[in-house]
Amino acid sequence: MTRLWLLGVLVCCGLISAEYYTVKQADKDFALKQKKVYNLLYRVAQPAQANRSWYEEGQQWNIEANINLYSNQDAAKNFLLLYKNGMLPRGEIFSVYYPQLLKEMEALFKLFYYANDFDTFYKTALWAKNNLNEGQYCIALYSAVLTRPDTKYIQLPPPYEMYPSLFFNSEVLERAQHAKLFGIPKKQGEDKSYIISANYSGWYLNREYYLENKLNYFTEDIGLNTYYFFFRQALPFWMESKEFGLPSDYRGEEYLYGHKLLLNRYNLERLSNDMPRIEDFDWQKTFYPGYYPTMTFHNGLPMPQRPAWSDFPHYKYRYIQDIMDKESRIRSAIDSGFIFGNDSKKYNIYTDEGANILGNAIEGNADSYNPNFYGSIDRLARKILGYNLEPASKYQIIPSALEMSPTSMRDPAFYRLYKRICLLYYKYKLRQPPYSKEEIVYPNIKIESFNVDKMITYFDEFYTTINNGLLNDDLKEGEVGPLIKIKQYRLNNKPFNFHISVNADKPMRVSIRIFLGPKYDAHRKPLEFPDGFKYFYEIDNWITELNPGMNKILRSSQDCYFTIPDQESSDKFYAKILSSLDSNEPFTYYERVFGFPERLLLPKGKKEGMPFQFFIHISPVTSEFTYSSRVWGQTKFDNKPFGFPIDKPLFDFKYDGPNMMFKDILIYHKDEFDMNISY
């Protein structure tokens, strides 16, 4: 099976050791492009106050007069037609889950994408920044930077700095805006910034009976939600692979497998808080988890709430009937083995490409073989579970948290939805023939020992600069004003190492995969592996060389390729760009844009130590595949299926071959006082 192993793209997974990081020194052209992209995303809510010269340069650009500077003039003309007839006004809320708003954003994206050169792209974007809705503009610009050939690996500012209202509670933003306009008595920190402490949304709710709030530190983590934003931005459901050079051979399975890993990581966090795995739900019954976001959009409208133990609203009934039909069609496809295309052909999904075909149909993305028949379970479910009211007009929307990718993971319904989708994925996997023992057992490789350093998690402080997302009163051109920072406690873990001793009978190139999973369920019942395989997530996967005889391998948790440390604040990053342009000081960058937060690699655990288990599997590499992503970077993987070798259970096998091993471990959680003690 020729499959790309995409773990790092998909969740908390590191894939290649640190020496594989590609760090480059930028030339002046790259640094200048980087500066201009940050300029385009600076104070998008108030472009005139960001910089008067940028504003005037944008207003002087005439798309119609320069239409020959766009390689696809039909796309440019289509945008102009929409613009002249009226588009989403500035200040209104934007979401890609509303067809008319998505149509307008796609037209703007294509205008950016088909600009002949970077200069045309930049001038077009300056004009759009002044004249179009901020939300549409930002998503179109992010998408263009992530797909245009001349902006490859250009870094993008974190969305929580631009739209803090989608990451922090409304009372925090109110205090921040007040501090911005009027100041507060005492400045803190070396940079004399204003620091505002932030709690999670459960702070204002009765937590005695509503246990979901125990997980707010995880579900509302701004790094995790930024990861999910980029996960969906890397392969947007509305973007056609062929036209824009997306990887069409695995996008559907990446969608399924990525959400499976997120779900598994979430379930491990539930176990750390003595909570069982999430319950199933029925579209025609009461829905258990409520959601009380205590958030407002940038225009002041409150984010919709959903009461706990509530029936679905009557105005959602038409969507419920629709999604039940669509789910039935997907189940029939899994049972029959065929997806019906809109070209009147049948496509076998029990082939190497089958999971990709199935994933495209469930997501309902632009590569789906029959979007009219299979629709989009993903988008329909978000529309139902958010409990938001129907729009008063096409431009007066109040989307739910599920209809904004930076807020989706905050809602407990997100995990119920993807458990439901993952059950379809499991059903599909269980219909396939299991691996033979010869496919996963390799007698010429023997793991002699597998040990892990003591694993410790803790909460520490993180500071987020949010000036870019706040309104200004009368700042002069180029003036930054006092920095406003939000301080929040976030989950972290101390770095640790894997110690592996492997015996090989000859030189060989191998792939090493390490999975983390539960040892017991929430009721302290031991988890049987053939049944519990679907609750493990892959924490690492890399290719290395083995010599004949004993091999000692030391692997750091910080070597995980697709994990990243906390992102540098934009003000510091921008200062480095300016310093590089004004002098000979080197400006370096990674050949990727984002990754999974390395501090969330482990679940919280318990103070006395909580049992989990690792599963390690080593297999020879028969062929390799180079994976390249504008967001996640480039690396090599062996050609094995997603989740190999535990993507399909072997019920008559105990996974006790010489090239595989289980390791019982404890994860300790320490408070601030304990962290001052050496371990």
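Residues numbered from 1 in each chain as written. Predicted model: local features only at pLDDT ≥ 70, side-chain atom pairs only at ≥ 80, totals over all residues. Heavy atoms only, no water.

The name an unreviewed UniProt entry gives the chain is Hexamerin-like, with Ceratina calcarata as the organism.

Draft legend 1. Quick look at the pattern of salt bridges. Counted according to the given criterion, the structure contains 36 salt bridges. Ionic contacts of the salt-bridge type, sharing partners, join the residues Glu212, Arg270, Glu279 and Arg416 into one network. (Salt bridge = Lys/Arg side-chain N within 4 Å of Asp/Glu carboxyl O.)

Draft legend 2. Representation of empty space enclosed by the protein. What the rule picks out here adds up to nine cavities of 30 Å³ or more. Taken as a whole, the largest cavity encloses approximately 480 Å³ of empty space. Around the largest cavity, the lining comprises 28 residues; the ones closest to its centre are Phe94, Ile139, Phe229, Ser405 and Pro406. Secondary-structure elements contributing two or more residues to the lining of the largest cavity are helix 8 (134–145), helix 9 (159–162) and helix 12 (222–234). Here the element with the most residues in the lining of the largest cavity is helix 8; it accounts for four residues. Taken together, the residues of the lining of the largest cavity sort by class into 19 nonpolar, five polar and four charged. Each pocket or cavity is described by its volume, and for the second largest cavity that value is around 100 Å³. (1 Å grid on protein atoms, 1.4 Å probe; cavity = no way out; pocket = protein on both sides within 12 Å on 5 of 7 lines; lining within 4 Å. Points joined across faces, edges and corners; volume = space filled by probe spheres on them. Helix = DSSP H or I, 4+ residues; strand = E, 2+ residues; numbered from the N terminus. Nonpolar A, V, L, I, M, F, W, Y, C, P; charged D, E, K, R; others polar.)

Draft legend 3. Broad picture of the side chain of Glu363. Mapped onto the elements, Glu363 comes out in helix 16 (residues 354–363). Owing to a relative accessible area of 3%, Glu363 belongs among the buried residues under this scheme. A polar contact is formed between the side chain of Glu363 and the side chain of Arg232, at a distance of 3.0 Å. A distance of 2.9 Å separates the side chain of Glu363 from the side chain of Asn365, its partner in a polar contact. (Buried < 20%, exposed > 50% of the residue type's maximum accessible area, 1.4 Å probe, protein only. Polar contact = N/O pair within 3.5 Å; in protein donor to acceptor, adjacent residues only side chain to side chain.)

Draft legend 4. Representation of the sheet that holds strand 15 (residues 610–620) in the model. Spatial ordering of the open sheet is given by 2-7-6-18-15-9-10, a layout of seven strands whose pairing is mixed. Among the strands making up the open sheet, the edge pair consists of strand 2 (194–197) and strand 10 (537–546). Taken pair by pair, the neighbouring strands of this sheet meet at an average axis angle of 35 degrees, ignoring direction. (Pairing = 2+ DSSP bridges. Axes fitted to C-alpha atoms, helices over the stretch in contact; angles between N-to-C directions.)

Draft legend 5. Structural view of the layout of surface pockets. The space that makes up the largest pocket amounts to roughly 640 Å³. If you trace the largest pocket, you find 25 residues lining it, with Gln155, Glu568, Phe573, Tyr589 and Tyr590 closest to the centre. The element best represented in the lining of the largest pocket is helix 22 (residues 570–582), accounting for four residues. Considering only residue class, the lining of the largest pocket consists of 12 nonpolar, seven polar and six charged.

Draft legend 6. Up close: the sheet that holds strand 11 (residues 549–556). One open sheet accounts for three strands, arranged 5-8-11; its pairing is antiparallel. Both outer strands of the open sheet, strand 5 (445–452) and strand 11, are each paired with one neighbouring strand and no more. Along the sheet, successive strands turn relative to each other by an average axial angle of 15 degrees, direction set aside. Here strand 5 pairs with strand 8 (residues 497–504) via seven bridges, running antiparallel. Counted as the bridge partner of Lys446 is Asn503 from strand 8.

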